[in-house]
Amino acid sequence: MTRLGFAVGLVLCGLLGFGAVRAWKQQAPAPGTRALWLADLPTRPLEVRLSLPAADVYRPYAPPRALDTLARPVPLGPLSKLEERGDAHGVAVSYLLHGDTEQALAHLGRTPSSQDRDSDQAAALLLRGRHDEALTLLDATLEAAPDHPQARWNRAVLTRELGLSLVAATTFEEVAARAEPGWSEEAREQARSLRARFQARADAWKATREAFLARLRKPDAPLPVEASARFPGLARERFYDLLLAAEDAARVRELLPLAKVLDHASGDTALEATVQRVSALDFTRRAPFAREYAKLVLDEHPAPASLIERLRQEATARDLLLGALLHTPGVARTHDELRALTQDVSDPWILSRVAQEGARLDDLAGHGAQAGDRLRAALSECRARKLPLRCVDLLTRLSQRATASNRLVEGEESARAAWQEAAALGEWEREGAALVMLANATRFQVRIALSRAYLTESLARQPEDCKARTQAHRNLASLALMRFRPQEARQEMEESLACGQTPGLQGAWILADLARLDPRPSDEARLRAELARVTPLQENAGRRVLATLIAGRFAVVRDWRTGQKELRRAIAEAEPLLRTNADAKDARVVAYRTLAVSAGHAGAFREALDVVAESLQVPVPEGCVLAAAVEDERTVAVVRGHQGQIRGHYDASRTRPLRDDLKGLVPEELVDLLRDCPSVSVLAAPPLDSRSGILPADLAWSYRVGTGAPGPLSAKPPMHVVVSDVEPPSSLRLARLPSAAEVDLAGAQRLLRLKGTQATPERVLEAMEQATDIDIHAHGVVDRALSDATVIALSPQQDGRYALTAEELRRRHFHGAPLVVLGACSAAHLPPFLHQTSSLPQAFVASGARAVFAATADIPNDAGAFFRAVRERIQSGAEPSQALRAERLDWHQKQPGMRWVDKVLLYQ
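For clarity, every value in this text was computed on a predicted model and none was experimentally measured.

**Overview of the overall build of the protein chain**
For the protein chain, the count of helices and strands is 38 helices and 14 strands. At a minimum sequence separation of 6, the contacts of the protein chain that also span at least 24 residues come to 66%. When the accessible surface of the protein chain is summed, it comes to about 38,400 Å², and 53% of that surface belongs to carbon and sulfur atoms.

And the structure:
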């Protein structure tokens, strides 16, 4: 929908007859033009600031009222004068002030690149709710021009809208320091208000927590019963600790008023009954254990494992043993022990805690699906039992698991729900934990600006919390490496280790990179110590494979052959886990990539070629071949030319993330060796294998993702399946695509058309199993909750399923070895993702397709003629890559502006 709006804006812009774009001259509005900027209003209509001086005169902001639903019309007379001057920027700003953000974005797209243009574009995106894109633009603007007043103001407004109160307050304070009349005063008041509200919430929560901790240290300290009504989750959590730490029946009975308050919040009498039951116990043997339990909760016990072993021998302290186990995850326990300790327990809070612990044990044992089911069941139960803080904890854990399993949309949604619910409860500490989960989910999606903002807020919230500070700085170090800034990453990593916490596996990964990019003598000892802590009690099998991978990545830079052995060991360890464990999948992909680039660094180019082929699970094809892999700043490219000569190139100077177009990745001297080749098989390690431009358009080439041999020509009678006129869910807001043109289907034999409500995923899959030709005219949609690859949006079936996914395709076999044309928008494209690539074309080939054509960019509605001509060339005997090359060159000659044809990729 956005793309359609953008295109309409450009068409309208052309109809209005704009000439060349000229920069806006900073001058006061002439008489008659004040209406363009709504300069006669006593208040400003937008809270954001705009970069044109005439539109940036300070007036107080007046939020729109409920009745202000219609945008003010743009004055056409003054607007036409801007048009005559060719001032697209001025036109855009006027549209923006009058509430037409769609037109504003369209006109800004015609404006020369500048910090002012980007700041105004971000303002428009902010007003449309596209916060992620707006923040990325604003961060880039402020990095290039730190004193840009409008961009800094807009960033303050945006981060406030995102709920990042302290980041917003700091940014408003930076605006206030500029002493701009009006703006500085408003910014100062905004910052004051944000900090005051935040501090009041934080202070109330901290005071309640400190009161409970004081009671644990000194049993005579006051019990915060009144505050517990405001923070029932925190209070209930601490209630159990006070109960188990009580050394006599009188101390237990003192908890009765607190139990009644908390029972009222949850609507039952469970805690009051618990107080009565525990107060009746014999404290002769229990009291010494209770004193030790208090020390355990306060992190002051010298030997938690010893306490647990002694509690295991004490039959009268089963509740103390369960509490101690839940506080010390590093001590071994089993599902059977947890079941035995809870067989007489009916308290839903305790059972929820045990369910979460059971899910952790499932994960450690490699039973991820079971762990997820257990957590989701516990979440449903906690909602039914009105235990909202337990729900927040379960959502946070679900987010952590989903992100670790590369289900990034699910991870982000669970983290955001946890954050919002924690904020509604006033649970300040849980808000911070959810922020870190949000930062993780967005970091793995390479949404760097948003992830950094979450982490900066986390740091500002808990500067004194060593664990939180370590985690935030460690993630910021990872983001710095993703931006190719090793010195910044080093600084963040040192900050993360400054208070004595261990680096964790993520930190060990970062240290392995820094040992190559910005080495320090201490790196090896820190890394080895962390890897030694990776045990089956602490990490599941997939995480242990990651530890082997990290050791190999560290070693391969120092001793190539030794490192190779470690990397091969990681691949072998990952193999039995690939079906179920995302960490193992990541480890395999990265290990092969590191093997390839390290072989390139050693000049072993034939070995690099073999490694890339092995990673793709295909033999090295006959004839001309290009193999390529990238990892961080390193790139290796190897070609085998027409005469069988092998040449390679290694480079370690990349300073920017990969573009969607790979033009220039392969040096020209290597491309020249392929000029005489009739066709070239390209072996590209992820993430190169879903991008265009790795070889020039005038070469015949295809990505090789299958067995290395062309699919056999089918002996089945021809059947051409065409999927069009689909009716995807309206919630996707996809523009309706035109029907497949009859002229493009001319000559098709046994044509089977699936249209409208017939074009459901299951019906389409069944038809494709027998097809010899397949055309799909539908939109490609990115939804990580459904698939790691782009999905094709079809008509929903009775169960509501509408997406044709790569995972479903791989479970089918196409008996007709079909030629497949994916006329879906961006069907081959995959958004940034740290380690793996999965795509629809690869899935089609894996299921038996002879060749798959797909695009990495949106293609026009009349693209059917191009694909029909390519298919006709193949049916006349041309090899698919040669047919694609020939038709592409024809289109370049006849329609030079049609550059989308260069974005069509071929997979075989």
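**Some words on helix α25 (residues 466-482)**
Think of an α-helix as 3.6 residues a turn; residues three or four steps apart then line up on the same face. In this model α25 runs 25 Å from its N-terminal to its C-terminal C-alpha over 17 residues, within 8% of the 24 Å that 1.5 Å per residue would give. Residue Phe484 follows α25 closely and has a positive phi angle near 60 degrees.

**Considerations on the pattern of salt bridges**
Scanning the entire structure with this criterion turns up 81 salt bridges. Here Arg385 ties to Glu381 by a salt bridge, and the two come within 3.2 Å at their closest N and O atoms. Accessibility expressed as a relative area gives 36% for Arg385, which makes it partly exposed. Classification of Glu381 as partly exposed rests on a relative accessible area of 39%. Notably, a salt bridge pairs Arg490 with Asp518, separated by 3.6 Å at the nearest N-O pair. Here Arg490 is found in helix α26 (residues 486-497), whereas its partner Asp518 is found in the loop between α27 (504-517) and α28 (523-532), with 28 residues between them in sequence. Classification of Asp518 as buried rests on a relative accessible area of 15%. Here the salt bridges share partners, and the residues they tie into one network are Asp513, Arg516, Arg553, Glu631, Asp632, Glu633 and Arg634.

**Focus on the packing of aromatic side chains**
Within the structure shown, the criterion is met by 16 aromatic pairs. Ring centres of Trp419 and Tyr454 lie 6.1 Å apart, and the angle between their planes is 80 degrees; on these two criteria the pair is classed as edge-to-face. One end of the pair, Trp419, is in helix α22 (residues 408-425); the other, Tyr454, is in helix α24 (residues 448-461), and 35 residues separate them in sequence. The interplanar angle of 90 degrees and the centroid separation of 5.2 Å between the aromatic rings of Trp701 and Tyr703 together place this pair among those described as edge-to-face. For the pair shown, Trp701 and Tyr703 are each scored as buried. Positioned above the aromatic ring of Trp183, the side-chain terminus of Arg49 is 4.1 Å from the ring centre. Directly above the ring of Phe554 sits Arg558, whose terminal nitrogen or CZ lies 3.8 Å from the centroid.

**Topic: the pairing of strand β8 (residues 773-776)**
Residues Asp773 and Asp775 point to one face of β8 and Ile774 and Ile776 to the other, with burial holding for every one of them. Bridge analysis of strand β6 (residues 720-724) against β8 gives four bridges, and the strand direction is parallel. Its bridge partner being in β8, Val722 is matched across the sheet by Asp775.

**Things to note about the packing of helix α3 (residues 88-97) against helix α4 (residues 101-108)**
Interhelical geometry of α3 versus α4 gives an angle of 165 degrees and a closest axis separation of 8 Å. Between α3 and α4, the angle falls in the class roughly antiparallel. As α3 packs across α4, the resulting crossing turns out to be left-handed. Residue-level contacts link Ala88, His89, Val91, Ala92, Tyr95 and Leu96 of α3 to Thr101, Gln103, Ala104, His107 and Leu108 of α4. Class assignment for the residues of the contact of α3 with α4 results in seven nonpolar, four polar and no charged.

**Some thoughts on α4**
Judged by how many residues are buried, α4 sits mostly within the fold: seven of eight residues are covered. Taken together, the buried positions of α4 are Thr101, Gln103, Ala104, Leu105, Ala106, His107 and Leu108.

**Re the nonpolar core**
Here is a general trend for soluble globular proteins: nonpolar side chains tend to be buried in one another's company. One finds Trp37 and Phe239 to be the most contacted residues of the largest nonpolar core, which totals 126 residues. Among the nonpolar cores identified, the runner-up in size contains 57 residues, and Ala508, Ile510, Ala584 and Leu609 belong to it.

**Let's talk about unusual backbone geometry**
Of note, the bond from Pro686 into Pro687 is cis; its omega dihedral lies within 30 degrees of zero at 10 degrees. Mapping Pro687 onto the fold places it in the loop between β4 (680-684) and β5 (701-703). The backbone of Ala179 shows a phi angle near 55 degrees, a positive value even though the residue is not glycine. Within the secondary structure, Ala179 is located in the loop between α8 (165-176) and α9 (183-217).

**Considerations on the pairing of strand β14 (residues 904-907)**
Going residue by residue along β14, you find Val904 and Leu906 tucked away on one face and Leu905 and Tyr907 tucked away on the opposite face as well. Bridge count between strand β13 (residues 851-855) and β14: four bridges; the pairing is antiparallel. The residue bridging Ala854 from the neighbouring strand is Leu905, located in β14.

**Details of the packing of helix α21 (residues 388-404) against α22**
Put simply, α21 and α22 touch, their axes get as near as 8 Å, and they point 160 degrees apart. Classified by the interaxial angle, the pair formed by α21 and α22 is roughly antiparallel. As α21 runs across α22, the sense of the crossing is left-handed. Residue-level contacts link Pro388, Leu389, Cys391, Val392, Leu395, Thr396, Leu398, Ser399, Ala402 and Thr403 of α21 to Leu408, Glu410, Gly411, Ser414, Ala415, Ala417, Ala418, Glu421, Ala422 and Leu425 of α22. Of the residues contributing to the contact of α21 with α22, the split by class is 13 nonpolar, five polar and two charged.

**Overview of the side chain of Ser681**
As for its placement among the helices and strands, Ser681 is situated in strand β4. Ignoring any residue separated from it by four or fewer positions in sequence, one finds Ser681 in contact with Pro621, Cys624, Val625, Leu626, Ser702 and Arg704.

**Examining empty space enclosed by the protein**
Under the counting rule described, the total for this entry stands at one cavity of 30 Å³ or more. Taken together, Arg44, Pro45, Leu46, Val48, Arg49, Leu50, Ala55, Asp56, Val57, Arg59, Leu97 and Trp183 form the lining of the largest cavity. Of the residues belonging to the lining of the largest cavity, the class tally is eight nonpolar, no polar and four charged.

**Here's the deal with the environment of Ala106**
By the secondary structure assignment, Ala106 is in helix α4. Separated by 14 residues in sequence, Ala106 and Ala92 place their C-alpha atoms 7.7 Å apart.

**Thoughts on the state of the cysteines**
Counting across every chain of the model gives three disulfides. For Cys382, the disulfide goes to Cys391, at an S-S distance of 1.9 Å. Handedness here is read from the sign of the S-S torsion; for Cys382 and Cys391, about 130 degrees, the answer is right-handed. In terms of burial, Cys382 and Cys391 fall into one category: buried. Between the sulfur of Cys466 and that of Cys499 lies a disulfide, 2.0 Å long from S to S. Residues Cys466 and Cys499 are joined by a disulfide whose S-S torsion is about 90 degrees; by sign, that bridge is right-handed. Placement of the pair is Cys466 in helix α25 and Cys499 in the loop between α26 and α27, with a sequence separation of 33 residues. Since its relative accessible area comes to 27%, Cys499 is described here as partly exposed.

**Some words on the side chain of His301**
Within the secondary structure, His301 sits in the loop between α15 (283-297) and α16 (304-312). Classification of His301 as buried rests on a relative accessible area of 12%. For His301, the side chain forms a polar contact with the side chain of Glu292, separated by 2.7 Å. Beyond its immediate chain neighbours, meaning those up to four positions away, His301 contacts Glu292, Lys295, Leu296, Leu307 and Arg310.

**Section: the confidence of the model for the protein chain**
Per-residue pLDDT for the protein chain has a mean of 87; in total, 89% of the residues score no lower than 70. Scored below 50 in pLDDT, residues 1-31 shows 45 contacts in the model against residues more than four places distant or in partner chains. In the model, residues 826-837 has pLDDT below 50 throughout and makes 65 contacts with residues more than four positions away in sequence or in other chains.

Reading the values: rules and limits
- Residues numbered from 1 in each chain as written.
- Predicted model: local features only at pLDDT ≥ 70, side-chain atom pairs only at ≥ 80, totals over all residues.
- Heavy atoms only, no water.
- Helix = DSSP H or I, 4+ residues; strand = E, 2+ residues; numbered from the N terminus.
- Contact = heavy atoms within 4.5 Å.
- Areas by Shrake-Rupley, 256 points an atom, 1.4 Å probe, with all protein chains shown as cover.
- Expected span 1.5 Å × (residues − 1).
- Salt bridge = Lys/Arg side-chain N within 4 Å of Asp/Glu carboxyl O.
- Buried < 20%, exposed > 50% of the residue type's maximum accessible area, 1.4 Å probe, protein only.
- Phe/Tyr/Trp six-rings, centres within 6.5 Å; stacked < 30°, edge-to-face > 60°.
- Lys NZ or Arg CZ within 6 Å of the ring centre and 35° of its normal.
- Pairing = 2+ DSSP bridges.
- Axes fitted to C-alpha atoms, helices over the stretch in contact; angles between N-to-C directions.
- Parallel < 35°, antiparallel > 145°, perpendicular 65-115°, else oblique.
- Left-handed = near helix turned anticlockwise from the far one by under 90°.
- Nonpolar A, V, L, I, M, F, W, Y, C, P; charged D, E, K, R; others polar.
- Core = buried A, V, L, I, M, F, W, Y, C linked by side-chain atoms within 4.5 Å.
- 1 Å grid on protein atoms, 1.4 Å probe; cavity = no way out; pocket = protein on both sides within 12 Å on 5 of 7 lines; lining within 4 Å.
- Points joined across faces, edges and corners; volume = space filled by probe spheres on them.
- Disulfide = S-S within 2.5 Å.
- Polar contact = N/O pair within 3.5 Å; in protein donor to acceptor, adjacent residues only side chain to side chain.
- pLDDT = per-residue confidence, 0-100.

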